[in-house]
Amino acid sequence: MATVKFKGNDVHTNGALPVVGSLAPDFKGVKTDLSELKLSDLKGKKVVINVFPSLDTAVCAASVRRFNKEAASLENTVVLALSKDLPFAHARFCTTEGIDKVVPLSAFRCSCFEEKYGLLFEDGPLKGLLARAVIVVGEDGKIIYEELVSETTSEPNYDAALASLK
C-alpha cells in the first residue's frame, strides 16, 4: 500500500508500483473503438503509461495534452493515457482536444492493471479510481522509470519521464 495526498489529505492505494528494472506486468485495457489492447501487444516498443483518475479534471487533461505534444517527436514510442473513464469519454475528449498521438485506454473492464500496479485508490474522495502515475517501459519490457505523484492534484514530472526514453 502506498500513501499519497489528495488536496493535502492522505489517501491510500491498494499496493505499490513495480520497481525500476523489473519486468512490467502485462495488463489489458479498452481502446476507444472498444477493442482490447495488452501491454504485451507493444513488445519491442518503448511505452509511456500515463495513469490518472479522470479526464474530467484539469490536471488529468493537461497531462494527456502534454504527452500528446511530446509523443510526436519520440521514436518507437507509444504513449498510453490510462484511466477508469469509459472509452466513450476518452473518444470525446481526444476528438474535442485534437489528441492524436496517444492511445487512450480505459481500465473499466479488467482489474488487472490496478491489481498488478497497485494504483487503485482504496479510500478518500477518489476511491475506486486510479492514482496519478507515470510508468515508462523500455523496449525489453522492463520498467525504466516510475513516478507515483505524491499530490494527486499536481502534474507528473514530464521532463524526468521523457528523459528516461533517451
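## Concerning the state of the cysteines
Working step 1: The final tally for this structure, using the stated rule, is one disulfide.
Working step 2: Each disulfide pairs two cysteine sulfurs, and for C110 the partner residue is C112, the sulfurs being separated by 2.4 Å.
Working step 3: With a relative accessible area of 19%, C110 lands in the buried category.
Working step 4: Overall, the relative accessible area of 11% leaves C112 in the buried class.

## A short note on a nonpolar patch on the surface
Working step 1: A contiguous nonpolar patch, built from L34, L86, F88 and F108 and spanning about 380 Å² of accessible area, is present on the exposed surface.
Working step 2: On the basis of relative accessible area, L34 is assigned to the partly exposed category, the value being 38%.

## Focus on the packing of aromatic side chains
Working step 1: Taken as a whole, this structure holds four aromatic pairs when the rule is applied.
Working step 2: Note on F113 and Y117: the rings are 4.5 Å apart at their centroids and 15° apart in plane angle, and the pair reads as stacked. Of this pair, F113 and Y117 both sit in helix α3 (residues 112–117), four residues apart, which is roughly one turn of the helix. Each member of the pair, F113 as well as Y117, carries the same accessibility label: buried.

## Things to note about the pattern of salt bridges
Working step 1: By the definition in use, this model includes nine salt bridges.
Working step 2: The partner of D56 in a salt bridge is R92, and the shortest N-O contact between them spans 3.4 Å. Placement of the pair is D56 in the loop between β5 (46–51) and α1 (58–71) and R92 in helix α2 (residues 87–97), with a sequence separation of 36 residues.
Working step 3: Classification of D56 as exposed rests on a relative accessible area of 57%.
Working step 4: Its salt-bridge partner being D159, residue R66 comes within 3.3 Å of it at the nearest N-O pair.

## Quick notes on α2
Working step 1: Of the residues making up α2, those classed as buried are P87, A89, H90, F93 and C94. Looking down the long axis of α2, one finds its buried residues gathered within 160° of arc, a one-sided arrangement. Away from its buried face by more than 90 degrees, α2 exposes F88, T95 and T96.

## Quick word on unusual backbone geometry
Working step 1: Even without being a glycine, K7 presents a positive backbone phi close to 55°.
Working step 2: Tracing the backbone shows K7 in the loop between β1 (3–6) and β2 (9–12).
Working step 3: Residue K7 is classed as exposed on the basis of its relative accessible area, which comes to 61%.

## Focus: the pairing of β1
Consecutive side chains along a regular strand alternate between the two faces of the sheet.
Working step 1: On β1, burial follows the alternation: V4 and F6 on one face are buried, whereas T3 and K5 on the facing-out side are not.
Working step 2: One ladder, built from four bridges, connects β1 with β2; its direction is antiparallel. Counterpart to T3 in the pairing with β2 is H12.

## Topic: the nonpolar core
Working step 1: Among the nonpolar cores identified, the biggest contains 31 residues, and F27, I49, F113 and I135 are the most heavily contacted of them.
Working step 2: The residues contacting I49, other than those within four sequence positions of it, are F27, L39, L80, L82, F113, A133, V134, I135 and V137.
Working step 3: Judged by nonpolar contacts, the second largest core, of 20 residues, contains F67, C94, V136 and Y158.

## Considering the environment of V30
Working step 1: Mapped onto the secondary structure, V30 falls in strand β3 (residues 28–30).
Working step 2: Distance in space between the C-alpha atoms of V30 and Y117 is 17 Å, their sequence separation being 87 residues.
Working step 3: Residues within four places of V30 in sequence aside, it is in contact with S35, E36, P87, P104, L105, S106, F108 and R109.

What counts, and where the lines are drawn
- Residues numbered from 1 in each chain as written.
- Predicted model: local features only at pLDDT ≥ 70, side-chain atom pairs only at ≥ 80, totals over all residues.
- Heavy atoms only, no water.
- Disulfide = S-S within 2.5 Å.
- Buried < 20%, exposed > 50% of the residue type's maximum accessible area, 1.4 Å probe, protein only.
- Patch = residues over 30% accessible without salt bridge, like charges linked within 9 Å, V, L, I, M, F, W, Y side chains within 5 Å.
- Areas by Shrake-Rupley, 256 points an atom, 1.4 Å probe, with all protein chains shown as cover.
- Salt bridge = Lys/Arg side-chain N within 4 Å of Asp/Glu carboxyl O.
- Phe/Tyr/Trp six-rings, centres within 6.5 Å; stacked < 30°, edge-to-face > 60°.
- Helix = DSSP H or I, 4+ residues; strand = E, 2+ residues; numbered from the N terminus.
- Arc of directions from axis to C-beta.
- Pairing = 2+ DSSP bridges.
- Core = buried A, V, L, I, M, F, W, Y, C linked by side-chain atoms within 4.5 Å.
- Contact = heavy atoms within 4.5 Å.

What is shown is where atoms sit, not what they do.
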